[in-house]
Amino acid sequence: MILSLLLMLQPAPAPQDELNIEVVGRRLAAISATVGQGAGGKLGCALSASSGYAKLDEQLCRAATECVRKGARDSAAVKACIDKRKPALLADFKQAWRKGQ
């Protein structure tokens, strides 16, 4: 009986499709991007991990390649440029997620 009361007092788990922006933000903060140039001069991007959302990963790679296009040449400069963009990327992602729900 006490066990059933305790189970009733526990909060219900969040639905799987509900966005936990704090978790996504922590994942995004931990990701690093590497930008390289291919044979034809085309820039390519590789991420150290995934945020769990392909669209957000794609936007992060776009931001990283844009940083290089704008003059970030070494890994520290690229990292600093990307880190500046991450809060805006997360905010855009959150807004798009809400519109899609």
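Just so you know, these numbers come straight off a predicted model, no measurement behind them.

Caption draft 1: Quick look at the confidence of the model for the protein. Across the protein, the average pLDDT comes to 84, with 81% of residues at or above 70. Ranking the helices and strands of the protein by mean pLDDT puts helix H3 (residues 54-69) first, with 95, and helix H1 (residues 2-9) last, with 41. Confidence drops under pLDDT 50 across residues 1-16; counting only partners more than four residues distant or on other chains, this segment forms zero contacts.

Caption draft 2: Quick peek at the state of the cysteines. A complete count under the given rule lists two disulfides for this structure. The disulfide that involves Cys-45 links it to Cys-61, with 2.1 Å between the sulfurs. One disulfide, between Cys-45 and Cys-61, carries an S-S torsion of -75° and so falls in the left-handed class. Note that Cys-45 is positioned in strand E2 (residues 43-47) and Cys-61 in helix H3, a separation of 16 residues in sequence. Note that Cys-67 is cross-linked by a disulfide to Cys-81, the S-S spacing being 1.9 Å. Between Cys-67 and Cys-81 the disulfide shows an S-S torsion of about -80°. By sign, it is left-handed. With a gap of 14 residues between them, Cys-67 in helix H3 and Cys-81 in helix H4 (residues 75-100) connect regions that are remote in the sequence.

Caption draft 3: A look at the pairing of E2. Pairing analysis gives five bridges linking strand E1 (residues 33-37) to E2, with the strands arranged antiparallel. Residue pairing for E2: Gly-36 is matched across the bridge by Gly-44. The turn joining E1 and E2, which pair antiparallel and follow one another in sequence, is formed by five residues; a positive phi near 90° is taken by Gly-41.

Caption draft 4: Representation of the packing of aromatic side chains. Counting across every chain of the model gives three aromatic pairs. Considering the side-chain rings of Tyr-53 and Trp-97, the 5.6 Å spacing of their centres and the 80° angle between planes classify their relative orientation as edge-to-face. Remark: Trp-97 occurs in helix H4 and Tyr-53 occurs in the loop between E2 and H3; sequence separation between them is 44 residues. Taken together, the ring pairs connect Tyr-53, Phe-93 and Trp-97 into an aromatic cluster.

Thresholds, definitions, all that
- Residues numbered from 1 in each chain as written.
- Predicted model: local features only at pLDDT ≥ 70, side-chain atom pairs only at ≥ 80, totals over all residues.
- Heavy atoms only, no water.
- pLDDT = per-residue confidence, 0-100.
- Helix = DSSP H or I, 4+ residues; strand = E, 2+ residues; numbered from the N terminus.
- Contact = heavy atoms within 4.5 Å.
- Disulfide = S-S within 2.5 Å.
- Pairing = 2+ DSSP bridges.
- Phe/Tyr/Trp six-rings, centres within 6.5 Å; stacked < 30°, edge-to-face > 60°.

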